[in-house]
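# Architecture and fold: a report
Letter by letter, the chains look like this.
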Amino acid sequence: MSDLASLELLAKTELDACADEPTLRAWNTKYFGANGEVLAALKAIGTIAKDQRKTYGQEANRIKETLTQTYDAMLSAAKERALDASLTANPLDITLPGRPVQRGRLHVATQIMRQIYDIFADMGFQVYRTREVEDDLTNFELLNMPPHHPARDMWDTFHTTTPGVILRTHTSPGQIHVMREVCPDPIRVILPGMCYRYEAITTRSEIQFQQVEGLVIGEHVTMADLKGTITAFARRLFGQERQVRFRSSYFPFTEPSIEIDIDWPKEDPNADRLTKGTGWLEIMGAGMVHPVVLRNGGYDPAKHSGFAFGMGPQRITMLKHAIDDIRQFWANDVRFLRQF
Ligand code: FA5
């Protein structure tokens, strides 16, 4: 028992002398580590003669409790002192403004696509996505362009090593997919996505660009519906005061075919360049779905009619934001992208 008393006295004296965290931890190892002296005293309980064991055990545990409590209190006080000292030595000014965080934003192409989706969604159109890798049959033949049809020259094509498998040159083959899926029900969809053309890259033409196709099929769908839809779209995107002009044109998959222009404000210093002096600017091709295409999609042209249109959102964005080079869209230059 006197051993325990002198152990406590010694341990307590040494503990009181500890001034910081390292000396405290060293003390703890000495008395409570794997070979610690207090721990050894506790382990010895079993070896004490039976009649003294109870008193010895109680005393050993009391010493352990008292020392542990004092140690814990001294350790947290030492940590606090160290923190205070370091804050005084290296003062931290928490009133300084933080470093600005770089924030991302939507790519300008995504922004315009979402605007287009919103406008057509308000008119009851759904978004229908189809494949970018197509076959010759769907990209051309089923759209009324048999092999060697001269209209194929309008679409220079990337071919894969598998014969007949190509990258789609426009979103129009999506018309066939959606028609075959939902026929004979009516259709009101837009078909957005990437297209690929083996063309010389210029400031207005890329080999990879987006298109948004539109397709409406039902009974009694007329050219008036096409004109009304496109006029409403153009005015929402470009401004209510815009004039919309419909010009006759040619596409193999529509009959009649048209091209759609909007007037461009003469005050705009770029007006002459953009409109080649005419004051009108083309925004898309369109027309009434050709009877051959309707039939290829499963519809009976005697009962159903429809209209389709196809636009290039990159060209439309160039107009909206006076961007003079289409290559900027995929060049990943943040100085360009940050402007939108
Ligand atoms: C077509 O691709 C037709 N499929 C559009 C269509 C759909 C007509 C449905 C009738 C009915 P075009 O080749 O003109 O047509 O392309 C449509 C739009 O895609 C163009 O007005 C232009 O905005 C965009 N576009 C075409 N080629 C490129 C290119 N190389 N780079 C960027 N945009 C392009």
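Values in this document were obtained by computation on a predicted structure and should not be read as measured data.

Bringing the site of the ligand into the picture now. Neighbouring the ligand are 24 residues, the closest being H170, S172, R197, E199 and E206. A distance of 3.3 Å is found between an oxygen atom of the ligand and a side-chain nitrogen or oxygen belonging to W155. Measuring from a nitrogen atom of the ligand, one finds a backbone N or O atom of E206 at 2.9 Å. Burial of the ligand by the protein amounts to 93% of the accessible area it has alone, namely 680 Å². Elements that contribute at least two residues to the shell around the ligand include exactly strand 5 (208-218), strand 8 (280-289) and strand 9 (305-311). When the residues that make up the shell around the ligand are grouped by side-chain class, the tally is eight nonpolar, nine polar and seven charged.

On to the nonpolar core, then. Counting 32 residues, the largest nonpolar core has F309 and M311 as its most contacted members. Among the elements of the structure, helix 5 (108-122), strand 5, helix 8 (223-238), strand 7 (254-263), strand 8, strand 9 and helix 11 (313-321) are those that each provide at least two residues to this core. With residues near it in sequence (within four places) discarded, M311 still touches I116, F120, Q210, Q211, V212, F233, I283, M284 and I316.

Where helix 2 (residues 21-32) meets helix 4 (residues 50-89), the closest approach of the two axes is 10 Å, and the angle between their N-to-C directions is 160°. Taken together, the axis directions place helix 2 and helix 4 in an arrangement best described as roughly antiparallel. The hand of the helix 2/helix 4 crossing is left-handed. Between helix 2 and helix 4, the residues in contact are E21, L24, R25, W27, N28 and F32 and K64, L67, T68, Y71, M74, L75, A78 and K79, respectively. Class assignment for the residues of the contact of helix 2 with helix 4 results in eight nonpolar, two polar and four charged.

Our focus in this paragraph is the packing of helix 5 against helix 11. Contact pair helix 5 / helix 11: the axes reach a minimum separation of 10 Å and the direction vectors enclose 100°. On the basis of their axis angle, the class for helix 5 and helix 11 is roughly perpendicular. Contacts from V108, A109, I112, M113, Q115 and I116 of helix 5 reach helix 11 at P313, Q314, I316, T317, K320 and H321. When the residues that make up the contact of helix 5 with helix 11 are grouped by side-chain class, the tally is seven nonpolar, four polar and one charged.

This brings us to the pairing of strand 7. When you tally the buried positions in strand 7, you get seven out of ten residues, the bulk of the element. Taken together, the seven bridges between strand 6 (residues 244-251) and strand 7 define a ladder with antiparallel strand orientation. Within the sheet, the bridge partner assigned to R245 lies in strand 7 and is D261.

Judged by side-chain polarity, L83, L87, L92 and I94 come together as a nonpolar surface patch covering roughly 460 Å² of accessible area. Take L87: it is sitting in helix 4.

Let's shift gears to the domain arrangement of the protein. Split by domain assignment, the protein resolves into domain 1 (2-89) and domain 2 (108-337). On a C-alpha basis, the centroid separation for the pair domain 1 and domain 2 is 82 Å.

With an omega of 10°, the peptide bond between C183 and P184 qualifies as cis. Between E255 and the following residue, P256, the backbone shows a cis peptide bond with an omega angle of -5°. Within the element layout of this structure, P256 appears in strand 7. Despite not being glycine, N144 shows a phi value in the positive range, around 75°. Examined against the element boundaries, N144 turns out to sit in the loop between helix 6 (136-139) and strand 3 (165-167). In this model, H220 sits at a positive phi of 65°, which is unusual for a non-glycine residue. When its relative accessible area of 68% is taken as the criterion, H220 is described as exposed.

Rules behind the numbers
Residues numbered from 1 in each chain as written. Predicted model: local features only at pLDDT ≥ 70, side-chain atom pairs only at ≥ 80, totals over all residues. Heavy atoms only, no water. Near = heavy atom within 4 Å. Polar contact = N/O pair within 3.5 Å; in protein donor to acceptor, adjacent residues only side chain to side chain. Areas by Shrake-Rupley, 256 points an atom, 1.4 Å probe, with all protein chains shown as cover. Helix = DSSP H or I, 4+ residues; strand = E, 2+ residues; numbered from the N terminus. Nonpolar A, V, L, I, M, F, W, Y, C, P; charged D, E, K, R; others polar. Core = buried A, V, L, I, M, F, W, Y, C linked by side-chain atoms within 4.5 Å. Buried < 20%, exposed > 50% of the residue type's maximum accessible area, 1.4 Å probe, protein only. Contact = heavy atoms within 4.5 Å. Axes fitted to C-alpha atoms, helices over the stretch in contact; angles between N-to-C directions. Parallel < 35°, antiparallel > 145°, perpendicular 65-115°, else oblique. Left-handed = near helix turned anticlockwise from the far one by under 90°. Pairing = 2+ DSSP bridges. Patch = residues over 30% accessible without salt bridge, like charges linked within 9 Å, V, L, I, M, F, W, Y side chains within 5 Å. Salt bridge = Lys/Arg side-chain N within 4 Å of Asp/Glu carboxyl O. Domains from an automatic or database assignment.

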